[in-house]
Amino acid sequence: MKKELICINCPMGCSLEVTYDAEKIIEVKGNDCARGKDYAAKEIFHPERIVTTTVCVKGAPIVVLPVKTEKSVPKGLAFKIVQAASKITVNAPVKAGDVIIRNVLGTGVNLIASRTVERD
Ligand code: SF4
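Please read these numbers as outputs of a predicted model, since none were measured by experiment. (Residues numbered from 1 in each chain as written. Predicted model: local features only at pLDDT ≥ 70, side-chain atom pairs only at ≥ 80, totals over all residues.)

(A) Expanded view of the sheet that holds strand β6 (residues 64-69). The 5 strands lie next to each other as β8-β5-β6-β10-β9, forming an open sheet whose pairing is mixed. Unpaired on one side and paired on the other, β8 (89-91) and β9 (99-101) mark the two borders of the sheet. Taking the axes of each pair of neighbouring strands and ignoring which way they run, one obtains an average angle of 45° across the sheet. Looking at chain direction, β6 and strand β10 (residues 111-113) are connected through 3 bridges and run antiparallel. (Pairing = 2+ DSSP bridges. Helix = DSSP H or I, 4+ residues; strand = E, 2+ residues; numbered from the N terminus. Axes fitted to C-alpha atoms, helices over the stretch in contact; angles between N-to-C directions.)

In structure tokens:
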């Protein structure tokens, strides 16, 4: 199988052409450094993303608070994390970096506030 990817490990953004089978990477072309091959393997077999979404906030001049996962999590959990966050309401004040959901969905990663919001 073949897949084209853009490596996002650095601002170079190399265009990768990846050849792989069900178990392993066979060849990566277009990478300017070895990290491109590692990126391709992770993206094809264990893709991860930083998840960004919002939660409701009470007692603040805004009604929704932007939140994100502290680290990347398995891409397949992104929608479930967004769903979990949609059920949360926090009370102001909140500081950027405050934990909103600890160990979200058992990933070992916290969902944290992306910005500070003062009380209304
Ligand atoms: S392959 Fe290397 S040089 Fe190219 S974008 Fe990835 S990290 Fe940067």
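(B) Broad picture of the pairing of strand β5 (residues 52-58). Judged by which residues are buried, β5 turns out to be one-sided: Thr53, Val55 and Val57 face inward and are buried, whereas Thr52, Thr54, Cys56 and Lys58, on the alternate face, are not. Bridge count for β5 against β6 is 5 bridges, and the pairing is antiparallel. Bridge pairing in β6 places Thr52 opposite Lys68. The turn joining β5 and β6, which pair antiparallel and follow one another in sequence, is formed by 5 residues; a positive phi near 75° is taken by Gly59. Relative to β8, β5 runs parallel, the two sharing 3 bridges. Note on β8: the bridge partner recorded for Lys58 is Asn91. (Buried ≥ 20, exposed ≤ 12 C-beta atoms within 10 Å, placed from the backbone.)

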